[in-house]
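# Residue-level structure breakdown
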Amino acid sequence: MKKFILLFFALSSWLTGSAQYRMDTICYAGDSKIFTDIVFLGDGFKKEEMQVFIDFVKEKSESFFDKMPWSQYRNRFNVFCIETPSNESGAGKTPDAPIDNFFGVCFGTSGVDRMPWPTKWSVVYNVLNTTKPDYDIVPIVVNSTKLGGGGAAPFICFSMNENSIETLRHEFGHAFANLADEYWYRGRELANMTQKIDPVKWQSWLGIEELAFYESCGFKKADDASPMFITSLWT
């Protein structure tokens with residue numbers, strides 16, 4: 001009987017712990033096994049600032065799905081946000097100068113001043129795995145108006161700068177579809193890059209808004225002097 005009681009309390013504690021973070025549903029299309037789940041996290045928002053985070057997610061989610069191609073597929077996405085109050089507002093200036101925010105987001109990642117990124121990855125995964133383990137894309141909103149963002153599947157990290165919606169769209173291309181930037185810097189072509197334009201591999205999409213092909217800026221492939229072309233929709 002004692003073993004049963006101990007087991008009951010252990011199980012109860014585990015279940016309680018798995019629900020310690022409040023999750024809000026921003027929009028719901030259907031079963032997560034079928035639809036894509038976007039799960040927003042917030043860092044550097046104190047408890048009394050949590051509504052600011054929620055309102056920001058609602059506003060940017062609506063703006064995000066106003067633009068092609070996402071407007072065409074908005075009924076294929078669920079959007080949630082998880083509340084994780086920080087003890088201190090904002091983000092660290094560099095990883096060497098952290099503040100007491102929930103996920104340890106700091107600017108200056110990899111020496112890039114405008115790149116905010118979490119440093120407490122065990123905390124990030126704990127929140128997701130105990131609250132919404134079937135996530136697909138995880139944008140992390142930083143309570144800062146400094147321009148900045150980064151993306152690497154399945155994560156995005158971006159600030160509340162006035163250009164935040166453009167940053168979100170740009171980084172979403174990296175995190176969701178592994179799309180390249182507008183300059184050549186990797187050792188292989190990605191989905192939105194090509195050296196062959198007759199026909200270009202996204203031929204069937206030409207004419208949708210500003211989707212075309214443009215010569216990329218920056219470097220060319222080291223072993224080939226011919227130019228690299230890239231789409232414009234996500235960059």
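Residues numbered from 1 in each chain as written. Predicted model: local features only at pLDDT ≥ 70, side-chain atom pairs only at ≥ 80, totals over all residues. Heavy atoms only, no water.

### Focus on helix α3 (residues 121–131)
Our working rule: Burial classification: accessible surface area is computed with a 1.4 Å probe over protein chains only, and a residue below 20% of its type maximum counts as buried, one above 50% as exposed, and the rest as partly exposed. Only runs of H or I of at least four residues qualify as helices and only runs of E of at least two qualify as strands under DSSP, and these elements are numbered from the N terminus. Throughout, the arc means that of the directions going from the helix axis to the C-beta atoms. The contact criterion used is simple: two residues touch if any of their non-hydrogen atoms lie within 4.5 Å.
For α3, the full list of buried residues reads Val124, Val127, Leu128 and Thr131. Looking straight down α3, one finds its buried side chains confined to an arc of 90°; they lie on one side. In the core, the buried residues of α3 are packed alongside β1 (23–27), β2 (36–43), β3 (77–82), β4 (138–142) and β6 (155–159).

### Focus: the confidence of the model for the protein chain
In plain terms, the rule: Within a predicted model, pLDDT stands for the predictor's per-residue confidence, ranging from 0 to 100.
A residue-level look at the protein chain finds 81% of positions with pLDDT of 70 or above and a mean pLDDT of 85. Considering only residues more than four positions removed or in separate chains, one finds that residues 1–18, a stretch of pLDDT under 50, has three contacts.

### A few points about the pattern of salt bridges
Basically, it comes down to this: Whenever a carboxyl oxygen of Asp or Glu lies within 4 Å of a side-chain nitrogen of Lys or Arg, that contact is scored as a salt bridge.
Considering all chains together, one arrives at 10 salt bridges under this definition. For the salt bridge of lysine 132 with aspartate 37, the shortest nitrogen-to-oxygen distance reads 2.6 Å. Linking lysine 132 in the loop between α3 and β4 with aspartate 37 in strand β2, this pair joins segments that are 95 residues apart in sequence. The pair formed by lysine 132 and aspartate 37 is uniform in burial state, with each residue classed as buried. With a shortest N-O distance of 2.9 Å, aspartate 113 and lysine 146 are connected by a salt bridge.

### Section: the nonpolar core
Put simply, the rule reads: In this text, buried Ala, Val, Leu, Ile, Met, Phe, Trp, Tyr and Cys residues form a nonpolar core when linked through side-chain atoms within 4.5 Å.
Judged by nonpolar contacts, the single largest core of 23 residues is most densely connected at Phe40, Phe53, Val141 and Phe172. Going through the elements one at a time, β2, α2 (50–64), β3, β6 and α4 (164–177) are the ones with two or more residues in this core. When residues of this core are assigned to their parent elements, the largest contribution, six residues, is made by α2. In this structure phenylalanine 172 touches Ile38, Phe64, Trp70, Phe77, Ile137, Ile156 and Ala177, once residues within four positions along its chain are discounted.

### With respect to the sheet that holds β2
The criterion, for reference: Pairing between strands is defined by DSSP: at least two bridges between them are needed. Where helices are involved, their axes are fitted lines through C-alpha atoms of the stretch in contact, as for all axes, and angles between N-to-C directions lie from 0 to 180°.
One open sheet holds the six strands; their spatial order is β1-β3-β2-β4-β6-β5, and the pairing between them is mixed. Bordering the open sheet on either side are β1 and β5 (149–152), each of which pairs with just one other strand. Mean inter-strand twist for the sheet, computed between neighbouring axes without regard to direction, equals 20°. Note: β2 against β3, six bridges, orientation parallel. Pairing of valine 39 across the sheet is with phenylalanine 80, part of β3. Of the strands in this sheet, β2, β3, β4, β5 and β6 are in contact with α4, which crosses β6 at around 165°.

### Things to note about the environment of lysine 201
Stated precisely, the cut-off is as follows: Contacts described as polar in this section are N or O atom pairs within 3.5 Å, which, within protein, must combine one atom able to donate a hydrogen with one able to accept it, while residues neighboring in sequence count only if both atoms come from side chains.
Within the fold, lysine 201 resides in the loop between β8 (193–194) and β9 (214–215). In this structure the C-alpha to C-alpha distance between lysine 201 and alanine 191, which are 10 residues apart in sequence, comes to 8.8 Å. The residues touching lysine 201, leaving out its near neighbours within four places in the chain, are Glu189, Leu190, Ala191, Met193 and Thr194. Polar side-chain contacts of lysine 201 include one of 2.7 Å to the backbone oxygen of methionine 193.

### Considering the packing of α2 against α4
Each packed pair of helices is defined by two parameters, the angle between the axes and the distance between the axes. Stated precisely, the cut-off is as follows: Two helices cross in a left-handed way if the nearer one is turned anticlockwise from the farther one by less than a right angle. They cross in a right-handed way if the turn is clockwise. Residues are grouped as follows: Ala, Val, Leu, Ile, Met, Phe, Trp, Tyr, Cys and Pro are nonpolar; Asp, Glu, Lys and Arg are charged; every other residue, Gly included, is polar.
The N-to-C vectors of α2 and α4 enclose an angle of 65°; their axes lie 10 Å apart at closest approach. Crossing geometry of α2 relative to α4 is assigned as right-handed. Between α2 and α4, the residues in contact are Phe56, Lys60, Ser63 and Phe64 and Ser164, Ile165, Leu168, Arg169 and Phe172, respectively. Of the residues that constitute the contact of α2 with α4, the class distribution is five nonpolar, two polar and two charged.

### Re the side chain of asparagine 78
Looking at where asparagine 78 falls in the secondary structure, it is placed in strand β3. Here the side chain of asparagine 78 touches alanine 29 through a polar contact of 2.5 Å, landing on its backbone nitrogen.

### Quick look at empty space enclosed by the protein
Using the following cut-off: Grid spacing is 1 Å over the protein atoms alone, the probe is 1.4 Å, and a cavity is where that probe fits but cannot get out, while a pocket is an open set with protein on both sides within 12 Å along at least five of seven lines and lining residues have an atom within 4 Å of a point. Grid points are joined across faces, edges and corners, and a volume is the space filled by probe spheres set on the points.
Per the stated rule, a full pass over the model turns up one cavity of 30 Å³ or more. Taken as a whole, the largest cavity spans an internal volume of roughly 50 Å³. Forming the walls of the largest cavity are Ile38, Phe40, Ser61, Phe64, Phe65, Val79, Pro139, Leu168 and Phe172. Elements that contribute at least two residues to the lining of the largest cavity include exactly β2, α2 and α4. For the lining of the largest cavity, the class distribution of residues is eight nonpolar, one polar and no charged.

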